[in-house]
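Here's the letter readout for the chains.
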Amino acid sequence: MDFTFTEEQQAAAEAAKGVFAGVAPDAVPSPALTPGAVAETYDRALWARLADADLLSLLLDARYGGAGLDAIALCLVLRESAQVLARVPLLESSAAAAAVQAYGGEEAKADLLARAGRGEMVLTVAAHGRTGHDPAERSVTARRDGATWVLDGIQTAVPWAYDADVTLVPAHTGTGRTVLALVPRGHEGADLAEQFSTSGERLGELRLTSARLAARDVIDTDGAWEWLRDLLATGTCALALGLGERVLRMTGDYTGQREQFGFPIATFQAVAVQAADRYIDLRAMEATLWQAAWRIASGAPGPLPAAGDVAVAKIWAAEGVRRVVQTAQHLHGGFGADVDYPLHRYHAWAKHLELSLGPAAAHEEALGDLLAAHPPA
C-alpha cells in the first residue's frame, strides 16, 4: 500500500483545481428557497471545460481518447469538484464509462466510450434500488426472451436521470445473477418521475415496464455491478472529503475573524477542541478513502475483498461529513443558516452524500457480513 500519488495523478488534480477555480457554489438558487429543482440541467459550461481539460476521460484507455488513469486519479478530481459544489455528473458518467470499458462488449464500447470521454454523451447509474435502502440489483428483474432482455422494476433517486443519454441499471435474473442494462433515455417501457435531492438537484425515479433491450445493450459479465458499485461508493467518499475540507476551512476563517469579549472565538478552548475533532474526522476519511481507491485501482489482495475497504471508507465518510457540517453550523451560529452565505448549501449536499449508496449503518452491516464470511486465519 503506497499513498504517494504519481505524477499523472497529481497532474489530474492540478488540472481540476484550474477548472474548478472559478466555480461559485451559490451560482444557482438556494435549495432552502426553491420548492423544486434549483436548475433544469447540470452546469453545461463547466462540463465543456472539463472535457477540454481531458478530465472526463481519465479512466478510459488511449484508444478511446483517454488517459488510462485509475480510481485514485478520479477521486482526486472529485475531491476538488466537491470543494465548489460542482453541478456535473462527473462521478456517475466516469464510473459508468469505466464499467463499460472493463466489462462491456465491443459494440457498446465503440458506441459510448469515445463520446463520453469528449463530453458529448452523459452516462449515469441507477444505484439506489426501490427505496434507497434495499440492494439496487434486487429492484429490477431481467429475463431473456429470445434475442432480447426484458426489464421490469423501479429504481429511485437516479442522479442526472433527465440529462443522461444512457442509464446503467443493475438487475437480477431468475438464476440469481446480476446484469447491467444500458437503457437509453426515452426508451420504450422506461419512464421517469421527478424527485428532488436535499441539495436541490433533480433526480429521477426510473420505472421499467417490459422494457426490451438487445443483448448487446446488457452486460452479463460476473462482477461488473459489484465493481461499479464499489467505484461509485468510493467516489462518493471523495466528494464527502472535499466538501468537508472546504467546510472546515470556512469555519476556521469565520472563527478566526468573529470576536467575543475582545478575542477571536477560535482562541476559545471549546471552539478549538471541536474544530480539532473534525480535523481528525477528515484525516480518517482521507486515509480510508485512499485505502479503498488503492484496492480498486491495484486489485491487490487483502484479508477482505475490496468491498470491505469500501465499506470502511463509506462509514467514515457518511459519519464524518455529517459531523463536520453540524459542527460548522454550530460554530457559525445563526450566520451559518443565512441563505446569503454558502454554508447551508454545503450542509444540504453533505446530507445527500451521507445517504447516497447507503448510510453508515448499511455499510456497517455489509462489513459485518464480509467479516463473517472471511474470518481471520
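Everything numeric in this text was worked out from a predicted model, so none of it was measured.

### Quick notes on the overall build of the protein chain
At step 1: The helix and strand inventory of the protein chain stands at ten helices and ten strands.
At step 2: Its C-alpha radius of gyration of 21 Å places the protein chain within 12% of the 21 Å reference for a compact globule of 377 residues.
At step 3: C-alpha atoms of the protein chain, sized along the principal axes, occupy 80 × 55 × 40 Å.
At step 4: Residue burial in the protein chain is summarised as follows: out of 377 residues, 55% are buried.
At step 5: Within the protein chain, contacts between residues at least 6 apart in sequence are counted, and of these 75% link residues at least 24 apart.
At step 6: On the protein chain, roughly 16000 Å² of surface is accessible, and the fraction owed to carbon and sulfur atoms is 54%.
At step 7: Side chains of the protein chain give 31 positive and 47 negative charges; the mean places of these two sets differ by 2 Å.

### Digging into the side chain of Q9
At step 1: Topologically, Q9 is positioned in helix 1 (residues 7-20).
At step 2: A distance of 3.2 Å separates the side chain of Q9 from the side chain of D70, its partner in a polar contact.
At step 3: Apart from the residues within four sequence positions on either side, Q9 is in contact with T4, D70, I72, A73 and L76.

### Here's the deal with the packing of helix 4 (residues 90-103) against helix 6 (residues 224-257)
At step 1: Where helix 4 contacts helix 6, the two axes come as close as 10 Å, and the packing angle between them is 150 degrees. Accordingly, the angle class assigned to the pair helix 4 and helix 6 is roughly antiparallel. Classified by chirality, the crossing of helix 6 by helix 4 is right-handed. Taken together, the residues of helix 6 that come into contact with helix 4 (itself represented by L91, E92, A95, A96, A98, A99 and Y103) are A224, W227, L228, L231, L232, G235, T236 and L239.
At step 2: A per-class count over the contact of helix 4 with helix 6 returns twelve nonpolar, two polar and one charged.

### Remarks on unusual backbone geometry
For residues besides glycine, phi is generally negative; the peptide bonds are generally trans as well.
At step 1: For S210, which is not a glycine, the phi torsion comes out positive at approximately 50 degrees.
At step 2: With relative accessibility at 44%, the residue S210 sits in the partly exposed group.
At step 3: Non-glycine residue F261 carries a positive phi angle of around 55 degrees.
At step 4: Tracing the backbone through its elements, the reader meets F261 in the loop between strand 9 (259-260) and strand 10 (263-264).
At step 5: Taking the relative accessible area as the measure of exposure, F261 reaches 75% and is therefore exposed.

### Examining helix 3 (residues 71-83)
At step 1: Spanning 13 residues, helix 3 covers 19 Å between terminal C-alpha atoms, matching the ideal 18 Å at 1.5 Å per step.
At step 2: Across the 13 residues that make up helix 3, a large majority, 13, are buried.
At step 3: The opening residue of helix 3 is D70, an N-cap whose side-chain oxygen sits 3.2 Å from the backbone nitrogen of I72.
At step 4: The first or second residue beyond helix 3 is L85, which carries a positive phi of 55 degrees.

### Points about the pairing of strand 3 (residues 148-159)
At step 1: Buried residues dominate strand 3, accounting for nine of its twelve residues.
At step 2: Pairing geometry for strand 2 (residues 140-145) and strand 3, over six bridges, is antiparallel. The residue of strand 3 that forms the bridge with R144 is W149.
At step 3: When strand 3 meets strand 7 (residues 202-214), the two strands line up antiparallel, connected through nine bridges. Pairing of V158 across the sheet is with G204, part of strand 7.

### A word on the packing of aromatic side chains
Geometrically, a pair of aromatic rings is defined through the distance of the ring centres and the angle of the planes.
At step 1: Applying the stated rule across the entire model yields six aromatic pairs.
At step 2: For the ring pair F5 and W290, a centre distance of 5.1 Å and an interplane angle of 75 degrees mean the geometry is edge-to-face. Of the two residues, F5 sits in the segment before helix 1 while W290 sits in helix 7 (residues 269-298), which places them 285 residues apart along the sequence.
At step 3: Judged by relative accessible area, F5 falls into the partly exposed class, the value being 25%.
At step 4: For W290, a relative accessible area of 4% corresponds to the buried category.
At step 5: Put simply, the rings of Y42, W47 and W160 touch in pairs and so form one group of aromatic residues.
At step 6: Across from the ring centre of Y162, 4.0 Å away, lies the NZ or CZ of R202, which sits over that ring.
At step 7: A cation over a ring is seen here: R283 above Y279, with NZ or CZ 5.0 Å from the ring centre.

### Some details on the pattern of salt bridges
At step 1: A complete count under the given rule lists 26 salt bridges for this structure.
At step 2: Between R44 and D163 there is a salt bridge, and its shortest N-O distance comes to 3.7 Å. Separated by 119 residues along the polypeptide, R44 in helix 2 (residues 44-52) and D163 in the loop between strand 3 and strand 4 (166-172) bring together distant segments of the chain.
At step 3: Classification of R44 by relative accessible area gives partly exposed; the value is 46%.
At step 4: We classify D163 as buried; its relative accessible area is 11%.
At step 5: For E286, the salt bridge goes to R283, with nearest N and O atoms at 2.9 Å. Of this pair, E286 and R283 both sit in helix 7, three residues apart, which is roughly one turn of the helix.
At step 6: With a relative accessible area of 26%, R283 lands in the partly exposed category.
At step 7: Through salt bridges with shared partners, a single network forms among R278, D281, E319, R322, R323, K351 and E354.

Calculation rules
- Residues numbered from 1 in each chain as written.
- Predicted model: local features only at pLDDT ≥ 70, side-chain atom pairs only at ≥ 80, totals over all residues.
- Heavy atoms only, no water.
- Helix = DSSP H or I, 4+ residues; strand = E, 2+ residues; numbered from the N terminus.
- Rg over C-alpha atoms; globule rule 2.2 N^0.38 Å.
- Buried < 20%, exposed > 50% of the residue type's maximum accessible area, 1.4 Å probe, protein only.
- Contact = heavy atoms within 4.5 Å.
- Areas by Shrake-Rupley, 256 points an atom, 1.4 Å probe, with all protein chains shown as cover.
- Lys, Arg positive; Asp, Glu negative; His and termini not counted.
- Charge placed at Lys NZ, Arg CZ, Asp CG, Glu CD.
- Polar contact = N/O pair within 3.5 Å; in protein donor to acceptor, adjacent residues only side chain to side chain.
- Axes fitted to C-alpha atoms, helices over the stretch in contact; angles between N-to-C directions.
- Parallel < 35°, antiparallel > 145°, perpendicular 65-115°, else oblique.
- Left-handed = near helix turned anticlockwise from the far one by under 90°.
- Nonpolar A, V, L, I, M, F, W, Y, C, P; charged D, E, K, R; others polar.
- Expected span 1.5 Å × (residues − 1).
- Pairing = 2+ DSSP bridges.
- Phe/Tyr/Trp six-rings, centres within 6.5 Å; stacked < 30°, edge-to-face > 60°.
- Lys NZ or Arg CZ within 6 Å of the ring centre and 35° of its normal.
- Salt bridge = Lys/Arg side-chain N within 4 Å of Asp/Glu carboxyl O.

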